[in-house]
Amino acid sequence: MAALLNEALAEALSQEIGRVTGQSFQIATQQSVSGGCINQAIQVADSSRRFFVKLNRADQLAMFEAERDGLKEMYDSRSIRVPQPLCCGVAGGSAYIVMEWLDLGSRQSGDAWRRMGEQLAAMHQCTSDRGFGWHRDNTIGATPQKNKWCDRWVDFWRDRRLGPQFSMAHAKGAHFPQRDELMNAIPRLLKGHTPTASLLHGDLWSGNAFVTTAGEPVILDPATYYGDPETDLAMTELFGRLPEAFYQAYNAASPIDSGYPQRKVLYNLYHILNHFNLFGGSYASQANSMMRQILS
Ligand code: ADP
């Protein structure tokens, strides 16, 4: 089998994994893992242990450092399973992140989705006393995501989330006739809504939610920050909903506010603008139709 990792990278990963786990490790097999949108994903293993590695250009190290910090914060919350991050760095011309390998299984078990609902609600109970944001910027997909702390959610959503995505889309030539109207309407649209700044996954589309072969719910590939929990829920509905058991259990653990169905379109607009910025194409017209819906 052709090696996926160059020699310098394979050697550095072996050393680093050995060092952080306190048990010597020498990569014996390397296998490509499919399913990602942004990075090259590889399973590395010796005769007894396996790890999940993502690679990108060396200048993308900060993206992996932020992913490591996000995974660590979620892991340390002891609420929902995420892969334990081990290390990241640059070697052999690439940036890398290494984390625990998880055997991802079928998405069939209703009970696992019920537990995911409960556990996500528990993660959302972890709150920040610094307001909305995070201690560092990160990325959503490959797009930079600004997380400077804000006291008010309405300001955060307008200035740190929708505003930068609109600016990037504008620079790429998109035309949003109702952009200014929408930005000005945000205080009205979020009036009376005062969420607690909660630990979020931040990129929780259904493709980042799995059940392990052992039946344990797990969420992957976060864009962590502290914000309105409804934004995580909204994204689970954007590209195909999670099984109903998830929503029932979430709602039983942490009742979903009656204003959520209105806000969810405003929240998912962020991800559709981001998809335009990442992939272009018809996402601009989808964003325009969402804006019409929000303002109607
Ligand atoms: P990207 O950052 O490129 O979007 P992901 O983090 O989504 O990549 O990972 C790509 C795929 O690899 C996932 O869809 C999943 O199938 C698999 N995967 C991710 N993390 C792990 C892990 N810790 N163990 C095993 N497989 C994983």
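Parameters at a glance
- Residues numbered from 1 in each chain as written.
- Predicted model: local features only at pLDDT ≥ 70, side-chain atom pairs only at ≥ 80, totals over all residues.
- Heavy atoms only, no water.
- Domains from an automatic or database assignment.
- Contact = heavy atoms within 4.5 Å.
- Buried area = accessible area lost by both parts, 1.4 Å probe.
- Salt bridge = Lys/Arg side-chain N within 4 Å of Asp/Glu carboxyl O.
- Helix = DSSP H or I, 4+ residues; strand = E, 2+ residues; numbered from the N terminus.
- Buried < 20%, exposed > 50% of the residue type's maximum accessible area, 1.4 Å probe, protein only.
- Expected span 1.5 Å × (residues − 1).
- Near = heavy atom within 4 Å.
- Polar contact = N/O pair within 3.5 Å; in protein donor to acceptor, adjacent residues only side chain to side chain.
- Areas by Shrake-Rupley, 256 points an atom, 1.4 Å probe, with all protein chains shown as cover.
- Nonpolar A, V, L, I, M, F, W, Y, C, P; charged D, E, K, R; others polar.

### As for the domain arrangement of the protein chain
Logical step 1: Structurally, the protein chain comprises domain 1 (7-100) and domain 2 (110-295).
Logical step 2: One C-alpha centre belongs to domain 1, the other to domain 2, and the line joining them spans 26 Å.
Logical step 3: Each side of the interface is counted separately: domain 1 has 19 residues, and domain 2 has 25 residues.
Logical step 4: Summed over both sides, the interface between domain 1 and domain 2 buries roughly 1,800 Å², with carbon and sulfur atoms accounting for 66% of that surface.
Logical step 5: One can count four salt bridges joining domain 1 with domain 2.
Logical step 6: Glu 216 is the salt-bridge partner of Arg 81, the closest N and O atoms lying 2.4 Å from each other.

### A word on the environment of Gly 173
Logical step 1: As for its placement among the helices and strands, Gly 173 is situated in the loop between α4 (153-171) and α5 (179-189).
Logical step 2: With 145 residues separating them in the primary sequence, Gly 173 and Ala 28 have C-alpha atoms 48 Å apart.

### So, the side chain of Asn 147
Logical step 1: Structurally, Asn 147 can be placed in the loop between β7 (143-145) and α4.
Logical step 2: Among the residues examined, Asn 147 registers a relative accessible area of 0% and is labelled buried.
Logical step 3: The contacts of Asn 147, once residues within four sequence positions are left out, are Gly 133, Trp 134, Arg 136, Asp 137, Asn 138, Phe 156, Arg 161, Thr 224 and Tyr 225.

### Observations regarding the pattern of salt bridges
Logical step 1: Overall, the coordinates contain 24 salt bridges when judged by the stated rule.
Logical step 2: Put simply, Arg 114 and Asp 111 hold a salt bridge, and the shortest N to O gap is 2.8 Å. Of this pair, Arg 114 and Asp 111 both sit in helix α3 (residues 110-124), three residues apart, roughly one helical turn.
Logical step 3: Arg 114 sits in the partly exposed class, given a relative accessible area of 32%.
Logical step 4: A salt bridge links Arg 179 to Asp 180; the nearest nitrogen and oxygen atoms lie 3.6 Å apart.
Logical step 5: The class of Arg 179 is partly exposed, set by a relative accessible area of 25%.
Logical step 6: Through salt bridges with shared partners, a single ionic network connects Glu 65, Arg 68, Asp 69 and Arg 136.

### Considering helix α2 (residues 61-76)
Logical step 1: For α2, built from 16 residues, the straight-helix expectation of 22 Å at 1.5 Å per residue is met to within 8% by its first-to-last C-alpha distance of 22 Å.
Logical step 2: Taken residue by residue, α2 has Met 63, Phe 64, Ala 66, Glu 67, Asp 69, Gly 70, Leu 71 and Met 74 as its buried positions.
Logical step 3: Among the residues trailing α2, Arg 78 stands out with phi positive, at a value near 50°.

### What to know about the site of the ligand
Logical step 1: Inspection of the region around the ligand gives 18 residues, with Asn 39, Lys 54, Glu 100, Leu 102 and Asp 221 positioned closest.
Logical step 2: In this structure, an oxygen atom belonging to the ligand sits 2.8 Å away from a main-chain N or O atom of Asn 39.
Logical step 3: Starting from 550 Å² of accessible surface for the ligand in isolation, the protein chains cover 92%.
Logical step 4: Elements supplying a minimum of two residues to the shell around the ligand: β3 (50-57) and β5 (94-100).
Logical step 5: Class assignment for the residues of the shell around the ligand results in eleven nonpolar, four polar and three charged.
Logical step 6: Split by domain, the shell around the ligand shows at least three residues from each of two domains, domain 1 (7-100) and domain 2 (110-295).

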